[in-house]
Amino acid sequence: MPCLVVNSSVFGEMFGMDRMRSLFSDRAFIQRCLDVEAALARAQAKLKIIPAAAAEAISAAATVDRIDFEKLSARTQIVGYPILPIVEQLSSWPADGLGQYSHWGATTQDIMDTADVLQIRDALTLVEDDLGAIGAALAKLADAHKRTPMAGRTHLQHALPVSFGYKCATWLSAIDRHLKRLAELRRRVEVVSFSGAAGTLASLGNDGLPTQEALAEELSLGLPEITWHTIRDNFAETTGFLALVSGTIGKIGYDIMLMMQTEVGEVLEPFVEGRGASSTMPQKRNPISSEIMLAAAKIVREQHSAMLDAMVQDHERATGQWHVEWHAIPTAFVVASGGLAAAREALQGLDVRPDAMGRVLETTKGLIVAEAVMMGLAPKLGRQVAHDVVYDCCRIALNSDVSFEDALLTREEIASNISAGEIRALVQPVNYLGSAPDMVERLLRGRAAG
């Protein structure tokens, strides 16, 4: 048997949290289908389409504990969908034939899609909780380290000094946007599906739209503008949202991994005895949480790719594309939850090492602030002259044991225009953070204001 990591007892919650996995279990899904059937019966009883006694009996009976799963599985593999086999069992449970009013005027996809929406609604609440916790952890780090200098890197090379708080705030800005996207997404995806066989509600005549509205009210869902049996942008938007979230989490994890490199050591994931250990190298402390964050981003992206492909459906009911969703949506949510949990753990206990950040800044003997010196000299020498002089000093520092500051002091045109104390101030990375601390404060003020 292959090892499916999303359900593996060996890998546990690395590739998905149990709280998310349980929302998409067989029992949870079947119960959601039964919830929809019961809500439909209650809605139709209110409209006097079916007897009130039938709605009461169906609602009382619609519990997953009564399902014969062996029979359900056998029938589903024959029928191709689980709803008819569910209704076959549900219809037989209430006394006096009242169960025969189950599934009145509905079609299989109505029940499955609405059950999916109920699962997605609960799953998005878990995602929202994780995003909120990650955002709070990043806000704390950003505020604490808004003036902690570290090397900013472009193309993996030292560029200019930034602050660690600034880096955290850039991560935070994306998390905040995801929370806004989530609120917008909910309005579009949390809508009922009840449209009948070809989407026209013909089986219910004039009671079709009133039933749809009453069902939506029973389930606290919104109403669709029109039938969406083969218009799947909302479900694709859901996995797109998860892919965006996971992409951000993957970026954060990638940055943490790079900062955790032995030669760098600017941050470390929280210490847990034995976590990240090697089978043969006792000194190792591998970035396990960050690796899961990065892996989740890649796996969730593939689920979204499948969902985009599944959007291209034929006519009023799809021939196969719909089935892709049954795999992609749960997998995307479960794997995303693993990445989010890893990020939450890593960021809430991140070991930040300002001394190491300072040591790394000195790796190039001060060259990371070459632009600061150039801009400081430009008013006195002219920008291009200042650039050329500083460029020459950079070459000296790169090709000898002389520090950048000492190389600057050897140039007469510099020494005659600026004091040694001014040069020393220019080559301090903490003095060349630009607007980074102010940017952090602006972001945090905006969050506090709501």
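Position numbers for residues count from 1 along each chain, tracking the sequence in the order it is written. The model is predicted, so local features are restricted to residues of pLDDT at least 70 and side-chain atom pairs to those at 80 or more, both for listing and for counting; the totals for chains, interfaces and linings are taken over all residues. Excluded from the side-chain calculation are hydrogens and water; included are all heavy atoms of the structure.

Explain the overall build of the protein to me, and be specific about the residues and the numbers.
Here a strand is any run of E in DSSP of at least two residues, a helix any run of H or I of at least four, and the numbering for each starts at the N terminus. Tallying secondary structure elements over the protein gives 18 helices and four strands in all. Three exposure classes are used, based on accessible area relative to the maximum for each residue type with a 1.4 Å probe and protein chains only: buried under 20%, partly exposed in between, and exposed over 50%. For the protein, with 450 residues in total, the buried portion stands at 49%. Residue pairs at least 24 apart in sequence account for 75% of intrachain contacts in the protein once pairs closer than 6 positions are excluded. Under the convention used here, a 1.4 Å probe and the Shrake-Rupley method define accessible areas, while residue burial counts only the protein chains that appear. By element, 54% of the accessible surface of the protein is carried by carbon and sulfur atoms, the whole surface being about 21300 Å². Every residue pair with non-hydrogen atoms within 4.5 Å of one another is taken to be in contact.

Any chance you could break down the packing of helix 9 (residues 233–259) against helix 10 (residues 288–310) for me, citing the residues and the numbers?
Orientation is described by axes fitted as lines to C-alpha atoms, over the contacting stretch for helices, and by angles from 0 to 180 degrees between their N-to-C directions. At a minimum axis distance of 7 Å, the contact between helix 9 and helix 10 shows a crossing angle of 155°. Taken together, the axes of helix 9 and helix 10 are roughly antiparallel relative to one another. Our pair here, helix 9 against helix 10, has a crossing hand that is left-handed. Side-chain classes are defined by residue name, with Ala, Val, Leu, Ile, Met, Phe, Trp, Tyr, Cys and Pro counting as nonpolar, Asp, Glu, Lys and Arg as charged, and the others, Gly among them, as polar. Here the residues of the contact of helix 9 with helix 10 are counted per class, giving 14 nonpolar, eight polar and two charged. Angle categories: roughly parallel below 35 degrees, roughly antiparallel above 145, roughly perpendicular from 65 to 115, and oblique for all the rest. In this scheme, a crossing is called left-handed if the near helix is turned counterclockwise away from the far one by less than a right angle; it is called right-handed if the turn is clockwise.

Tell me what's going on with the pattern of salt bridges, and back it up with residues and numbers.
When a carboxyl oxygen of Asp or Glu lies within 4 Å of a side-chain nitrogen of Lys or Arg, that pair is called a salt bridge. The tally for this structure, following the rule as stated, stands at 26 salt bridges. For arginine 19, the salt bridge goes to aspartate 130, with nearest N and O atoms at 3.2 Å. With arginine 19 in helix 1 (residues 18–23) and aspartate 130 in helix 6 (residues 108–144), the pair connects residues that are 111 residues apart, well separated along the chain. Across the salt bridge formed by glutamate 266 and arginine 153, the nearest N and O atoms sit 3.1 Å from each other. Here glutamate 266, found in the loop between helix 9 and strand 3 (267–268), pairs with arginine 153, found in strand 1 (residues 149–154); they are 113 residues apart in sequence, far enough to count as distant. Through salt bridges with shared partners, one network takes in Arg19, Asp129, Asp130 and Arg344.

Summarise the nonpolar core; cite the residues concerned and give the values.
Of all hydrophobic cores here, the largest spans 104 residues; its most connected members are Leu34, Leu138, Phe164, Phe241, Ile256, Phe333 and Leu347. The element best represented in this core is helix 6, accounting for 16 residues. Not counting the four nearest positions on each side in its chain, leucine 34 is found in contact with Ala62, Thr63, Val64, Ile67, Ile86, Leu90 and Trp93. Throughout this description, the term nonpolar core refers to a set of buried Ala, Val, Leu, Ile, Met, Phe, Trp, Tyr and Cys residues connected via side-chain atoms within 4.5 Å. Core analysis: the second largest hydrophobic core is formed by 27 residues, Val360, Val389, Val390 and Phe404 among them.

Lay out the packing of aromatic side chains in plain terms, naming residues and giving numbers.
By convention, a stacked pair of Phe, Tyr or Trp rings (six-membered ring in the case of Trp) has centres within 6.5 Å and planes under 30 degrees apart, an edge-to-face pair has planes over 60 apart, and any other such pair is tilted. If you walk through the whole model with that rule in mind, you get seven aromatic pairs. Members of the aromatic cluster, each reached through a chain of ring pairs, are Tyr81, Trp322 and Trp326.

Lay out the packing of helix 6 against helix 7 (residues 164–189) with the relevant residues and their values.
Two numbers describe a pair of packed helices, the interaxial angle and the distance between the axes. Contact pair helix 6 / helix 7: the axes reach a minimum separation of 9 Å and the direction vectors enclose 160°. Considered as vectors, helix 6 and helix 7 are oriented roughly antiparallel to each other. The handedness of the crossing between helix 6 and helix 7 is left-handed. Residue composition of the contact of helix 6 with helix 7, grouped by class: 19 nonpolar, five polar and three charged.

Residues and numbers for helix 14 (residues 383–398), please.
Since the α-helix turns once every 3.6 residues, residues separated by three or four places project in the same direction. Expected helix span is taken as 1.5 Å per residue step, with the number of steps being one fewer than the number of residues. Taking 1.5 Å per residue as the helical rise, helix 14 with its 16 residues ought to reach 22 Å, and the 22 Å between its terminal C-alpha atoms agrees with that figure. Turning to helix 14, its buried residues number three or more, namely Ala386, Val389, Val390, Cys393, Cys394 and Ala397. Projected down its long axis, helix 14 shows its buried positions confined to an angular sector of 145°, all on one face. This arc describes the spread of directions from the helix axis toward the C-beta atoms.

Could you give an account of unusual backbone geometry, naming the residues involved and the relevant values?
Positioned with a positive phi, leucine 156 is a non-glycine residue whose angle comes to about 65°. Mapped onto the fold, leucine 156 is located in the loop between strand 1 and strand 2 (157–163). At histidine 315, a position not held by glycine, the phi torsion is positive, near 50°. Mapping histidine 315 onto the fold places it in the loop between helix 10 and helix 11 (321–348).

Describe a nonpolar patch on the surface, and please don't skip the residues or the numbers.
For patches, a residue must show more than 30% relative accessible area and have no salt bridge; joins then use 9 Å for like charges and 5 Å for nonpolar side chains, namely Val, Leu, Ile, Met, Phe, Trp and Tyr. The grouping of Val10, Phe11 and Met14 at the surface amounts to a nonpolar patch, some 270 Å² of accessible area in total. With respect to the element layout, phenylalanine 11 can be found in the segment before helix 1.

Go over the environment of isoleucine 231, please, and point to the residues and values.
Here isoleucine 231 shows up in the loop between helix 8 (208–218) and helix 9. With relative accessibility at 51%, the residue isoleucine 231 sits in the exposed group. For the pair isoleucine 231 and alanine 310, spaced 79 residues apart in sequence, the C-alpha separation works out to 10 Å.

Explain the pairing of strand 1 to me, and be specific about the residues and the numbers.
A strand pair is defined by DSSP finding two or more bridges across the two strands. Where strand 1 meets strand 2, five bridges bridge the pair, whose relative direction is antiparallel. By the bridge assignment, arginine 153 is partnered in strand 2 with histidine 158. Between strand 1 and strand 2, which follow one another and run antiparallel, lie two residues, and histidine 155 among them has a positive phi close to 55°.

Tell me about the side chain of lysine 146, residues and numbers included.
Tracing the sequence through the fold places lysine 146 in the loop between helix 6 and strand 1. Among all residues touching lysine 146, those that are not within four sequence positions of it are Ser163, Gly165, Pro437, Val440 and Glu441.

If you had to explain the state of the cysteines to someone new, which residues and values would you point to?
Note on terminology: pairs of cysteine sulfur atoms within 2.5 Å are recorded as disulfides. If you walk through the whole model with that rule in mind, you get zero disulfides. Cysteine cysteine 393 shares no disulfide, and the gap to the nearest cysteine sulfur, in cysteine 394, comes to 7.2 Å. Note on cysteine 393: relative accessible area 0%, which makes it buried.

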